[in-house]
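Coordinate analysis (summary)
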Amino acid sequence: MRDEFQRFLLEYQFGLREVETKLGILRDEFLQMHDYNPIEHVSSRVKTADSLVEKVIRKGVEPSFDAIRAAITDIAGIRVTTSFTKDAYRLFDLLTAQDDITIRAVKDYIAEPKDNGYKSLHVIVEVPVFLSTGRVAVAVEVQFRTIAMDFWASLEHKIYYKYAGVVPDGLLTELKDAADSAALLDARMERLHGQLHGPGAGPIRAV
Ligand code: 0O2
């Protein structure tokens, strides 16, 4: 059972590697062709066994590999941090347009931020992984966000855990204000960047 579980998680490790490679290729191509790096930072993780078991129980998922595969879509997760909002969308477009990638779900919290101020573009993709036993489609959650959105989300996450989910109202209001300031900063930086590189240049030009 333990071996089977390790193998199950290994598939997600491989899925991450595939998507990381795709993002790395896009970044290197942009650097080479346009002297521009659209990606500030990429981080990835496979959920720990404990955290996966906790989520399976919390969501009432049947404890079988097939049921977990179908219901828990963030076992493999990648976070792509960009300088500008336009880069987040452009990278999303370039990744999801690849013909071996299948989109399972999209949540655009940049266009429609959560009530607490959270912004990020989430996509669950399926990427093929070729094992000795054949091809498997592995779900990977990719979150695209700017540095400002990421800064806010990291702090909010820490506060949320510090208060065990029951954050005082005053702090919630401050967090929402901070999210609004981060959004203004994003807009301002993108405008300045546009001025520097000429109208319509955009952070990433079409390939
Ligand atoms: P971790 O440790 O980052 O993995 P799900 O619970 O995933 O089945 P949900 O909540 O509808 O379904 O998914 P959603 O909205 O796509 O959010 C999933 C992830 O987005 C979270 O994963 C966080 O990483 C991030 N996220 C979503 N909302 C917030 C928010 O309000 N604040 C912050 N800081 N991050 C958020 P996990 O599993 O919660 O955590």
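Residues numbered from 1 in each chain as written. Predicted model: local features only at pLDDT ≥ 70, side-chain atom pairs only at ≥ 80, totals over all residues. Heavy atoms only, no water.

Some details on the packing of aromatic side chains
Rules: Ring pairs are drawn from Phe, Tyr and Trp, using the six-membered ring of Trp, whenever the two centres fall within 6.5 Å, and their geometry is named by plane angle: stacked under 30 degrees, edge-to-face over 60, tilted for the rest. Think of it this way: any DSSP run of H or I at least four residues long counts as a helix, any run of E at least two long counts as a strand, and we number them from the N terminus. Residue exposure (1.4 Å probe, protein chains only): buried if accessible area is under 20% of the type maximum, exposed if over 50%, otherwise partly exposed.
Scanning the entire structure with this criterion turns up seven aromatic pairs. Ring geometry for F8 versus Y12: centroids 5.3 Å apart, planes at 65 degrees, classification edge-to-face. Taken together, the residues F8 and Y12, both in helix α1 (residues 2–34) and four residues apart, mark about one turn of the helix. Judged by its relative accessible area of 2%, F8 is buried.

Section: the nonpolar core
This is how it is decided: Buried Ala, Val, Leu, Ile, Met, Phe, Trp, Tyr and Cys residues that are joined via side-chain atoms within 4.5 Å together make up what is termed a nonpolar core. Every residue pair with non-hydrogen atoms within 4.5 Å of one another is taken to be in contact.
Judged by nonpolar contacts, the single largest core of 40 residues is most densely connected at F8, V19, L52, I75, V140, V142 and F144. Every element with two or more residues in this core is listed here: α1, β1 (39–46), α2 (49–58), α3 (65–71), β2 (76–82), α4 (85–96), β4 (121–131) and β5 (134–146). For this core, the element with the most residues is α1, which contributes nine residues. Once you skip the residues sitting within four places of it in the chain, L52 turns out to touch F5, F8, L9, K47, I68, I72 and I75.

Some thoughts on helix α5 (residues 147–162)
Stated formally: A helix's residues, less one, multiplied by 1.5 Å, set its expected span.
Taking 1.5 Å of rise per residue, the 16 residues of α5 would be expected to cover 22 Å, and the 23 Å separating its terminal C-alpha atoms lies within 8% of that figure. Residues A148, M149, D150, W152, A153, E156 and I159 constitute the buried set of α5. Where the residues of α5 are buried, they touch β2, α4, β5 and α6 (169–197). Following α5 by one or two positions, A164 has its phi on the positive side, about 50 degrees.

Comments concerning unusual backbone geometry
Although it is not a glycine, D35 adopts a positive phi angle of roughly 55 degrees. With respect to the helices, strands and loops of the structure, D35 is situated in the loop between α1 and β1. Its relative accessible area of 69% is what places D35 among the exposed residues. Here the phi dihedral of A164 falls at roughly 50 degrees; this positive angle occurs in a residue that is not glycine. With respect to the element layout, A164 can be found in the loop between α5 and α6. Residue A164 is classed as exposed on the basis of its relative accessible area, which comes to 66%.

Examining the site of the ligand
Using the following cut-off: Any residue with at least one heavy atom within 4 Å of a molecule or strand is counted as near it. Identification of polar contacts relies on pairs of N or O atoms within 3.5 Å, with a donor-acceptor requirement for protein atoms, meaning one able to donate a hydrogen and the other able to accept it, and with residues adjacent in sequence counted only if both atoms are side-chain atoms. Accessible surface is estimated by sampling points in the Shrake-Rupley manner with a 1.4 Å probe; for residues, cover comes only from the protein chains shown.
Taken together, 17 residues sit near the ligand, with K59, K107, Y109, K114 and E156 positioned nearest. Here K55 contributes a side-chain N or O atom positioned 2.9 Å from an oxygen atom of the ligand. One of the side-chain N or O atoms of K114 is found 2.8 Å from a nitrogen atom in the ligand. Coverage of the ligand by the protein amounts to 71% of the 740 Å² it exposes when considered alone. The set of elements that each furnish at least two residues to the shell around the ligand consists of β5 and α5. The dominant element in the shell around the ligand, judged by the number of residues it contributes, is α5, at three residues.

Topic: the sheet that holds β4
What counts is decided by this rule: Only when DSSP finds a minimum of two bridges between them are two strands counted as paired. Note on method: axes are straight lines fitted to C-alpha atoms, helices fitted across the in-contact stretch only, with angles between N-to-C directions ranging 0 to 180 degrees.
Strands sit in the order β1-β2-β5-β4-β3 across an open sheet of five strands; the sheet is mixed. Edge positions in the sheet fall to β1 and β3 (102–108), since each of these pairs with one other strand and no more. Going across the sheet, the axis of each strand differs from the next one's by a mean of 25 degrees, ignoring polarity. One ladder, built from six bridges, connects β3 with β4; its direction is antiparallel.

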